[in-house]
Amino acid sequence: MTEDAPAPRRRGRPSRRAAAEGPDSRTRILEAARTEFAQRGYDKTSVRGIARAAGVDAALVHHYFGTKDEVFAAAVELSFEPALVIPTVLGGPPEGLGERLARYFLSVWENPATRAPLLAILRSALTHEAAAKVLRGFVLRRLLERIAAELDVPDATFRAELAASHMIGIAMLRYVIRAEPLASADSEEIVAMVAPTLQRYLGGEG
């Protein structure tokens, strides 16, 4: 671990040993960050705490991710894996876009491995502007706007925001507030009900 290195080093730069451990260290940091945000929320999570949980020096966290906001954004991205989302959602007939998007979104929330950090992210966004900004930037700019842009629909940003409001609203009621009967409904039933609306938003129909 970098904190065992005897030689001093300048702030914000990793030791040679840390650099050699690059990918493994970065992965540990990211996993630790996701866990810390899930357990403590945005406000109570610190870069120092993330570093301690990952077994590295705080300077290494800054080296890979910069600020706490940037670590938070990376934790959001880890849960959604946007590089895989776009081909998955767009890789099919245009008329099935809403169904594919709804099914993917719910599958992420239904997975216990990603649900806990996403719950923390959503709760943090409700009470902390920095967390809300990260969530907006990721869900809208990097995910839904990219999908809308690929489909070349008018008012892509507005349509993306409508789709985001619909899906985040479902997540709030189903997983945070746990309102019935939505909380206990079968996910495929939700997909069937929601898909036509998402299709209108992002597919340019209606």
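Everything discussed here concerns the structure shown above.
Given the structure is predicted, the values throughout are model-derived calculations rather than measurements.

Q: I'd like a description of the overall build of the protein, backed by residues and values.
A: Along its length, the protein carries eleven helices and zero strands. If you list the helices and strands of the protein from N to C, you get α-α-α-α-α-α-α-α-α-α-α. In the protein, buried positions account for 45% of the 206 residues. Of the contacts formed within the protein by residues at least 6 apart in sequence, a portion of 66% connects residues at least 24 apart. When the accessible surface of the protein is summed, it comes to about 10900 Å², and 54% of that surface belongs to carbon and sulfur atoms.

Q: Just give me the short version of the environment of Leu173, but keep the residues and values in it.
A: Relative to the helices and strands, Leu173 is located in helix α10 (residues 156-176). With ten residues separating them along the chain, Leu173 and Ala183 place their C-alpha atoms 7.1 Å apart. Excluding residues that lie within four positions of it along the chain, Leu173 makes contacts with Arg178, Ala179 and Leu182.

Q: Explain the pattern of salt bridges to me, using residue names and the numbers behind them.
A: Following the criterion strictly, the structure yields five salt bridges and no others. Notably, a salt bridge pairs Arg103 with Glu99, separated by 3.0 Å at the nearest N-O pair. Placement of both Arg103 and Glu99 in helix α7 (residues 97-110) is noted, with a separation of four residues, approximately one turn of the helix. Residues participating in the shared-partner salt-bridge network are Glu99, Arg103 and Glu188.

Q: Outline the environment of Val134, listing residues and values.
A: Relative to the helices and strands, Val134 is located in helix α9 (residues 129-151). Along the chain, Val134 and Glu70 lie 64 residues apart, while their C-alpha atoms are 8.2 Å from each other.

Q: I'd like a description of the packing of α10 against helix α11 (residues 187-203), backed by residues and values.
A: Packing of α10 against α11 brings their axes to within 9 Å, and their N-to-C directions diverge by 160°. In terms of orientation, α10 and α11 fall into the roughly antiparallel class. Crossing of α10 over α11 shows right-handed handedness. Where α10 approaches α11, its residues Arg159, Ala160, Leu162, Ala163, His166, Met167, Ile170 and Arg174 are matched on the opposing element by Ser187, Ile190, Val194, Thr197, Leu198, Arg200, Tyr201 and Leu202. In terms of residue class, the contact of α10 with α11 is made up of ten nonpolar, three polar and three charged.

Q: Help me get a handle on empty space enclosed by the protein, residues and values and all.
A: As enumerated under the stated definition, the model contains two cavities of 30 Å³ or more in all. Its boundaries defined by the atoms lining it, the second largest cavity holds a volume of some 40 Å³. Breaking the lining of the second largest cavity down by element, the ones donating at least two residues are α7, α10 and α11.

Q: Provide a residue-level description of the environment of Leu143, including the pertinent values.
A: Assignment of secondary structure puts Leu143 in helix α9. A relative accessible area of 5% places Leu143 in the buried class. The spatial distance from the C-alpha of Leu143 to the C-alpha of Ala164 is 9.6 Å, given a sequence separation of 21 residues.

Q: An account of helix α4 (residues 58-65) is needed here, citing residue identities and associated values.
A: Restricting attention to buried positions, one finds in α4 the residues Ala58, Ala59, Leu60, Val61 and Phe65. Structurally, the start of α4 carries an N-cap: the backbone nitrogen of Ala59 is 2.8 Å from a side-chain oxygen of Asp57. Downstream of α4 by a residue or two, Gly66 has a phi angle that is positive, lying close to 80°.

Q: Give me the lowdown on the nonpolar core, citing residues and values where you can.
A: Counting residues in each nonpolar core, the largest one holds 60 residues, and the members touching the most others are Leu144 and Ile147. It is α9 that contributes the most residues to this core, nine residues altogether.

Rules used throughout
Residues numbered from 1 in each chain as written. Predicted model: local features only at pLDDT ≥ 70, side-chain atom pairs only at ≥ 80, totals over all residues. Heavy atoms only, no water. Helix = DSSP H or I, 4+ residues; strand = E, 2+ residues; numbered from the N terminus. Buried < 20%, exposed > 50% of the residue type's maximum accessible area, 1.4 Å probe, protein only. Contact = heavy atoms within 4.5 Å. Areas by Shrake-Rupley, 256 points an atom, 1.4 Å probe, with all protein chains shown as cover. Salt bridge = Lys/Arg side-chain N within 4 Å of Asp/Glu carboxyl O. Axes fitted to C-alpha atoms, helices over the stretch in contact; angles between N-to-C directions. Parallel < 35°, antiparallel > 145°, perpendicular 65-115°, else oblique. Left-handed = near helix turned anticlockwise from the far one by under 90°. Nonpolar A, V, L, I, M, F, W, Y, C, P; charged D, E, K, R; others polar. 1 Å grid on protein atoms, 1.4 Å probe; cavity = no way out; pocket = protein on both sides within 12 Å on 5 of 7 lines; lining within 4 Å. Points joined across faces, edges and corners; volume = space filled by probe spheres on them. Polar contact = N/O pair within 3.5 Å; in protein donor to acceptor, adjacent residues only side chain to side chain. Core = buried A, V, L, I, M, F, W, Y, C linked by side-chain atoms within 4.5 Å.

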